[in-house]
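Each chain, written out:
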Amino acid sequence: MPESAILETRGVSKKFDGFVAVSGVSYRLSEGEAAGIIGPNGAGKTTFFNLLTGMFPPTEGTVLFRGEDITRCPAHERVGRGVIRTFQLVSVFDQLSVRENLVLSVVRPGDGRNRKRGFFFSDAARPEISDACGEALALVGLEGKASRATSSLSYGDKRKLEIALALSLRPAVLLLDEPFAGLSDAEIGEVLELVHRVKASFSLVIIEHKISRIVDLVSRLSVMHEGKLIAEGDPKKVIEEPLVRQVYWGRA
Amino acid sequence: MKIPWKKYDCLLIVAGFLLLLPFLKIQRTTDFIIFCVFVLSYDLLYGYMGRLSFGPMLFLGAGAYAVTLFSEHLSPNPFLALSFAVVAAAAVGALIGPIIVRTTGAAFALINLAFNQIGHFLVLIAFAKYTGGEDGMSAHFSKVGFFDVQDRTMIFVFSLFCLVLAFYLLKRLTSSPFGILLRTIKENETRARFLGYDTFLYKWGAFVISGGLAGFAGALSIMNYGYVTPSFIDPHRNVEVIFAVLIGGAGNLYGAIIGGVAYMVVSNYLATYIARWEMFLGIGLLLLVFRFRTGVWGAVTGLLASRRGEAETR
Ligand SMILES: Nc1ncnc2c1ncn2[C@@H]1O[C@H](COP(=O)(O)OP(=O)(O)O)[C@@H](O)[C@H]1O
Ligand SMILES: [Mg+2]
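Along every chain, residues carry numbers that run from 1 in the direction the sequence is written. Throughout, the order in which chains and ligands are written sets their labels, letters from A for the former and numbers from 1 for the latter. Per-residue local features of the predicted model are confined to residues with pLDDT of at least 70, and side-chain atom pairs are confined, for both listing and counting, to 80 or more; whole-chain, interface and lining totals are unaffected and use all residues. Working from all heavy atoms in the structure, the side-chain values ignore hydrogens and water.

A closer look at the sheet that holds strand 8 (residues 203-207) of chain A
All names here are of chain A.
And step 1. For two strands to count as paired, DSSP must find a minimum of two bridges between them. For helices the rule is a DSSP run of H or I covering at least 4 residues; for strands it is a run of E covering at least 2, with both sets numbered from the N terminus onward. What the 6 strands build is an open sheet, ordered 6-7-8-3-9-10; its pairing is mixed. Of all the strands in the sheet, just strand 6 (83-85) and strand 10 (228-233) have a single pairing partner and so form its edges. Shown here is a sheet whose adjacent strand axes are inclined to one another by a mean of 20 degrees, direction ignored.
And step 2. One ladder, built from 4 bridges, connects strand 3 (residues 34-38) with strand 9 (residues 220-225); its direction is parallel. Looking at strand 9, one finds that Gly-36 is bridged to Leu-221. Inter-axis angles, ranging from 0 to 180 degrees, are taken between N-to-C directions of lines fitted to C-alpha atoms, where helices are fitted over the stretch in contact.

Some points on the coordination of the magnesium ion (ligand 2)
Residues and elements named next belong to chain A.
And step 1. Note on donors: an N, O or S atom is included if it sits within 2.8 Å of the metal, or within 3.2 Å for Na, K and Ca, and water is never included, so sites can look incomplete. Surrounding the magnesium ion (ligand 2) are the protein donor atoms Thr-46 (OG1) and Gln-88 (OE1), at 2.0 to 2.1 Å. With Thr-46 in helix 1 (residues 45-53) and Gln-88 in the loop between strand 6 and helix 3 (98-106), the pair connects residues that are 42 residues apart, well separated along the chain.
And step 2. Type-normalised accessible area, obtained with a 1.4 Å probe on protein chains alone, sets the label of each residue: buried when under 20%, exposed when over 50%, and partly exposed for intermediate values. You can call Thr-46 partly exposed: its relative accessible area is 26%.

Details of the site of ligand 1
Residue and element names in this part refer to chain A.
And step 1. Every residue lining ligand 1 is accounted for by Phe-16, Phe-19, Ala-21, Pro-40, Asn-41, Gly-42, Ala-43, Gly-44, Lys-45, Thr-46 and Thr-47.
And step 2. Measuring from an oxygen atom of ligand 1, one finds a backbone N or O atom of Lys-45 at 2.8 Å.
And step 3. Method for areas: the Shrake-Rupley scheme with a 1.4 Å probe, in which residue coverage is limited to the protein chains shown. For ligand 1, whose accessible area on its own is 560 Å², the fraction buried by protein is 62%.
And step 4. Those elements giving two or more residues to the shell around ligand 1 turn out to be strand 2 (19-30) and helix 1.
And step 5. Here the element with the most residues in the shell around ligand 1 is helix 1; it accounts for 3 residues. Whether a residue is near a molecule or strand is decided by its heavy atoms; if any one of them lies within 4 Å of it, the residue is near. For this analysis, a polar contact is any N or O atom pair within 3.5 Å, provided that within protein one partner can donate a hydrogen and the other can accept it, and provided that sequence-adjacent residues contribute only side-chain to side-chain pairs.

Some remarks on the side chain of Thr-229 of chain B
Residue and element names in this part refer to chain B.
And step 1. In this fold, Thr-229 is placed in the loop between strand 2 (227-228) and helix 10 (238-248).
And step 2. Classification of Thr-229 as buried rests on a relative accessible area of 16%.
And step 3. Any two residues whose heavy atoms approach within 4.5 Å are treated as being in contact. Excluding anything up to four places from it in sequence, Thr-229 contacts Tyr-65, Asp-135 and Gly-136.

Let's talk about the environment of Val-239 of chain B
Residue and element names in this part refer to chain B.
And step 1. Position of Val-239 relative to the elements: it lies in helix 10.
And step 2. A relative accessible area of 37% places Val-239 in the partly exposed class.
And step 3. Along the primary structure Val-239 and Gly-212 are separated by 27 residues, whereas in three dimensions their C-alpha atoms are 19 Å apart.

A word on the pairing of strand 2 of chain A
And step 1. When strand 1 (residues 5-16) of chain A meets strand 2 of chain A, the two strands line up antiparallel, connected through 8 bridges. Note on strand 2 of chain A: the bridge partner recorded for Leu-7 of chain A is Leu-29 of chain A.

Focus: the sheet that holds strand 4 (residues 60-65) of chain A
All names here are of chain A.
And step 1. Strand order in the open sheet made by the 4 strands is 2-1-4-5, with antiparallel pairing throughout. Looking at strand neighbours, the two that pair on one side only are strand 2 and strand 5 (68-69), the edges of this open sheet.
And step 2. Here 5 bridges tie strand 1 to strand 4, and the two strands are oriented antiparallel to one another. What sits directly across from Ser-13, in strand 4, is Glu-60.

A short note on the pattern of salt bridges
All names here are of chain A.
And step 1. By definition, a salt bridge exists where a carboxyl oxygen of Asp or Glu is found within 4 Å of a side-chain nitrogen of Lys or Arg. Following the criterion strictly, the structure yields 20 salt bridges over all chains and no others.
And step 2. Measuring nitrogen to oxygen at the nearest pair gives 3.9 Å for the salt bridge that ties Glu-60 to Lys-15. Of the two residues, Glu-60 sits in strand 4 while Lys-15 sits in strand 1, which places them 45 residues apart along the sequence.
And step 3. Judged by its relative accessible area of 43%, Glu-60 falls in the partly exposed class.
And step 4. With a closest N to O distance of 2.6 Å, Asp-157 and Lys-145 form a salt bridge. Residue Asp-157 is located in helix 6 (residues 155-168), and its partner Lys-145 is located in the loop between helix 5 (127-139) and helix 6; the two are separated by 12 residues in the primary sequence.

A few points about the confidence of the model for chain B
And step 1. For every residue, the predictor assigns a confidence score, pLDDT, that lies between 0 and 100. Of all residues in chain B, 97% attain a pLDDT of 70 or more, and the chain-wide mean is 92.
And step 2. The complex model carries a pTM of 0.93, and its ipTM stands at 0.93.

Section: unusual backbone geometry
Residue and element names in this part refer to chain A.
And step 1. Unlike most non-glycine residues, Asp-17 shows phi in positive territory, near 45 degrees.
And step 2. Along the chain, the position of Asp-17 falls in the loop between strand 1 and strand 2.
And step 3. Assessed through its relative accessible area of 86%, Asp-17 is described here as exposed.
And step 4. Positive phi, normally seen in glycine, also occurs at Glu-226, with a value near 45 degrees.
And step 5. Its place among the elements puts Glu-226 in the loop between strand 9 and strand 10.

Some points on helix 3 (residues 57-73) of chain B
And step 1. Look at helix 3 of chain B: 24 Å from first C-alpha to last across 17 residues, which is about the 24 Å you get at 1.5 Å a residue.
And step 2. For helix 3 of chain B, the buried fraction is high: 14 of the 17 residues fall into the buried class. To estimate the expected span of a helix, subtract one from its residue number and multiply by 1.5 Å.

Quick notes on the side chain of Thr-174 of chain B
Residue and element names in this part refer to chain B.
And step 1. Structurally, Thr-174 is set in helix 7 (residues 152-174).
And step 2. Among the residues examined, Thr-174 registers a relative accessible area of 9% and is labelled buried.
And step 3. In this structure the side chain of Thr-174 is engaged in a polar contact, spanning 3.4 Å, whose partner is the backbone oxygen of Lys-171.
And step 4. Residues within four places of Thr-174 in sequence aside, it is in contact with Leu-44, Tyr-48, Gly-179, Ile-180 and Leu-253.

Some details on the interface of chain B and chain A
And step 1. Each partner contributes residues to the interface: chain B has 24 residues there, and chain A has 35 residues.
And step 2. Summing the contributions of chain B and of chain A, the shared interface buries around 2,800 Å²; its carbon and sulfur component is 67%.
And step 3. Between Arg-191 of chain B and Glu-162 of chain A there is a salt bridge, with its nearest N and O atoms 3.4 Å apart.
And step 4. Counting across the interface, chain B meets chain A through 13 residue pairs in polar contact (both at pLDDT 80 or more).
And step 5. For the side of chain B that touches chain A, the secondary structure elements donating two or more residues are helix 7 and helix 8 (177-193) of chain B.
And step 6. Counting residues per element, the side of chain B that touches chain A draws most heavily on helix 8 of chain B, at 12 residues.
And step 7. Residues are grouped as follows: Ala, Val, Leu, Ile, Met, Phe, Trp, Tyr, Cys and Pro are nonpolar; Asp, Glu, Lys and Arg are charged; every other residue, Gly included, is polar. Residues belonging to the side of chain B that touches chain A are distributed by class as follows: 11 nonpolar, 7 polar and 6 charged. Buried surface area refers to the total accessible area, computed with a probe of radius 1.4 Å, that the two partners give up upon joining, counted for both partners together.

Details of a nonpolar patch on the surface
And step 1. Taken together, Phe-120 and Phe-121 of chain A together with Phe-161, Leu-165, Tyr-168 and Leu-169 of chain B make up a surface patch of nonpolar side chains, about 570 Å² in accessible area.
And step 2. Relative to the helices and strands, Leu-169 of chain B resides in helix 7. Distance thresholds for patches are 9 Å for like charges and 5 Å for nonpolar side chains (Val, Leu, Ile, Met, Phe, Trp, Tyr), applied to residues having over 30% relative accessible area and no salt bridge.

Shown next as structure tokens:
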């Protein structure tokens, strides 16, 4: 193998009551690589992320992290290894304040930081934690809204908060599921700029609907259709392939 | 409203119960205090972790029977018996927790109820030889130094100390990262797992803590009353603590204490003025569930917040 893979799948499939959402996908992400996955709605992209991150086990196939089989590894352990994701529909905790959302990721278990910082009996609002949360928020420009109720944030700010959450978990590989969906053009610009700024420190897979947005961001693009990977390669070339054009625009 | 009263909340609790003394018999007041410990234990499970249980009486009962049996067979030392009761109730939680905490919603509520019914059956019938069955049994504690369980004032002071201790520990626990984790489990457990937490373990832990604390309340009750009967583990009484948490406002420790006292006042005194008071309680509960979801505490803080024109985060 040329470079080592951080994340790899071998023939993974997922069936829901006989419906095949992901079908025999073999995928490989190199260390430090930024890759994109596109495909029409219902192609199985999110389900594929679910298989990578341990939301549920695949019906068939294996998932490898740095060469190690993690197919049966529960989600929280994968997070411990640095497999971090965001969700297509923004998923943050509305019932917490913006700062509180970040507490659990800055005092992660298995970091050894946990014990030191007193997970069970010391104040989650004390300065060391609060400062760490503040830093994470500053990265996405939300430091001014730390004390706000999360439910009062705009959808775009919630997306930024979710990305801050993901970054503070210190990803080895970050999986972003349609991070621009539901955002205004201005917000898309901000999030894009943010991803560009931080992506050097980890491997990245980004699912996106609009190819144009990520062409400059990723070095490789995969196209999913009806659960299968139908094309892969240099973004600008992939989108010229007849099969891809047919799937995407209904014409070759 | 800039008085940092939360710093003195333990003192406020003490003061509050001392103020009740002129109006109530001391044993009754002690009963109120102990009930508040029970309500606190339930609030951790329901208010913070968001798991509604129909079986907390199991743990109250486990503590009540454990303290009595210990005092009869092993040692009459009240402190040893009390410690044993907490451990026993927590152990029950540790034993059945792995089955229970995997579930949510109605399944969680009903499995708890099922275990409560099993426990009730065990003390009432299966182990009646040891528990005294329907008649129950009395508990005898020895004096330890100046501490005498028979002394009503002593047990009042001791219970109040225990309530303040439980309150303080829970306050620390719920304002820690662990407390935040419980709240994330309540809101979206899957998301919490994707922050790297094995939520199963933490739910189990919270279940055990809640059970141990309920057992603590059960054991204190026996020290206050001097005897145990199956009513201490009766599944029909689960509704009391649920009402109390809803009245005060779930997910808030101050609310739990206000709710505990309010429920006790209502159930003890409304009954003497109004026939079929349970019906009014039922109507009250409907109002709470549909109109004042945040309970008394939430209504008060909400009102104050809107007066100040601020958005409160909680
Ligand atoms: N948990 C599930 N249960 C049943 N069907 C599912 C589930 N998740 C996804 N699907 C189905 O799998 C297909 C692929 O969905 P998804 O992976 O969300 O597609 P994409 O993200 O590419 O739009 C869809 O037809 C969807 O209805
Ligand atoms: Mg999707």
